[in-house]
Amino acid sequence: MSHNTANTVFGIGTLAKRAGCQVQTVRYYEKIGLLPPATRNAGNQRRYDSATLGRLTFIRHARDFGFSVEAVRELLGMADHPNMPCDHADAIAKRHLDEVEARIARLSALRDELKRMVAQCAGGRVDECRIVEVLSDHQQCLHAAGHGGQQTIR
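Small disclaimer: the values here were computed from a predicted structure and weren't measured.

Within the span of helix α4 (residues 69-79), buried status applies to Val69, Ala71, Val72, Leu75, Leu76 and Met78. Check the buried side of α4 and you find it contacts α3 (50-64) and α5 (87-120).

Below, the structure is given as structure tokens:
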């Protein structure tokens, strides 16, 4: 998690820009403990070092991959102890992969249902519209069967 800016000190705006996030994101990550508390200069402005930039970049990259804040917290804890075995990191990534695959399956079902609705739409008036009809009665969804009438697309 190191950057080639050793001993460089950043203000919060520069840090956020270099990490590709918003200033309020930096404050949030600091507030929830993913980033260490910033040092302050004489004017009480936050100051961050290159290690914090590396940590923030790691956080942003993990979040871009869809890891939860708690998973990122666990991964950071492991990254802080580089001699640990990576079994736990593998388990976190596997759990996340399973969640992504489940989400893809739900989205595929949603896509298929939308395609079916669009294909069956006769055009014309709203009272004849298959899309409005299906959205008004979830029981008409093909993928609702087996879910107690509730489709679990989120």
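So, on to a nonpolar patch on the surface. A grouping of Leu107, Leu110 and Leu114 is seen on the molecular surface, where their side chains present a nonpolar patch of about 230 Å² in accessible area. Within the element layout of this structure, Leu107 appears in helix α5.

Before going further, it helps to examine the packing of helix α1 (residues 12-19) against helix α2 (residues 23-31). Axis separation between α1 and α2 bottoms out at 8 Å; the angle between their running directions is 100°. On the basis of the axis angle, α1 is roughly perpendicular to α2. The residues of α2 that touch α1, namely those facing Ile12, Gly13, Leu15 and Ala16, are Val23, Val26 and Arg27. Tallied by class, residues from the contact of α1 with α2 come to five nonpolar, one polar and one charged.

Turning to unusual backbone geometry, a few remarks are in order. The backbone of Asn44 shows a phi angle near 65°, a positive value even though the residue is not glycine. Examined against the element boundaries, Asn44 turns out to sit in the loop between β2 (39-40) and β3 (46-49).

With that settled, consider the nonpolar core. Counting 24 residues, the largest nonpolar core has Leu15, Val26, Leu34, Leu56, Ile59, Phe67 and Val72 as its most contacted members. Contributing elements (two or more residues each) for this core: α1, α2, α3 and α4. With six residues, the single largest contributor to this core is α4. The contacts of Val26, once residues within four sequence positions are left out, are Ile12, Leu15, Ala16, Cys21, Leu35, Tyr48 and Leu56.

Our focus in this paragraph is the sheet that holds β3. Spatially, β1-β3-β2 is the arrangement adopted by the three strands of the open sheet, whose pairing is antiparallel. Looking at the sheet topology across the chains shown, the edges are occupied by β1 (9-10) and β2. Strand direction decides the pairing type here: β2 and β3, joined by two bridges, are antiparallel. Among the inter-strand pairings, Thr39 is bridged to a residue of β3, identified as Arg47.

Turning to the pairing of β3, a few remarks are in order. Bridge count for β1 against β3 is two bridges, and the pairing is antiparallel. Along β3, the bridge assignment pairs Phe10 with Tyr48. In textbook terms, the turn of a hairpin is the stretch between consecutive antiparallel strands, and for β2 and β3 this stretch comprises five residues, one of which, Asn44, has a positive phi near 65°.

Cut-off values and rules
- Residues numbered from 1 in each chain as written.
- Predicted model: local features only at pLDDT ≥ 70, side-chain atom pairs only at ≥ 80, totals over all residues.
- Heavy atoms only, no water.
- Buried < 20%, exposed > 50% of the residue type's maximum accessible area, 1.4 Å probe, protein only.
- Helix = DSSP H or I, 4+ residues; strand = E, 2+ residues; numbered from the N terminus.
- Contact = heavy atoms within 4.5 Å.
- Patch = residues over 30% accessible without salt bridge, like charges linked within 9 Å, V, L, I, M, F, W, Y side chains within 5 Å.
- Areas by Shrake-Rupley, 256 points an atom, 1.4 Å probe, with all protein chains shown as cover.
- Salt bridge = Lys/Arg side-chain N within 4 Å of Asp/Glu carboxyl O.
- Axes fitted to C-alpha atoms, helices over the stretch in contact; angles between N-to-C directions.
- Parallel < 35°, antiparallel > 145°, perpendicular 65-115°, else oblique.
- Nonpolar A, V, L, I, M, F, W, Y, C, P; charged D, E, K, R; others polar.
- Core = buried A, V, L, I, M, F, W, Y, C linked by side-chain atoms within 4.5 Å.
- Pairing = 2+ DSSP bridges.

So, to be careful, I would describe these as geometric facts and stop short of saying anything about function.
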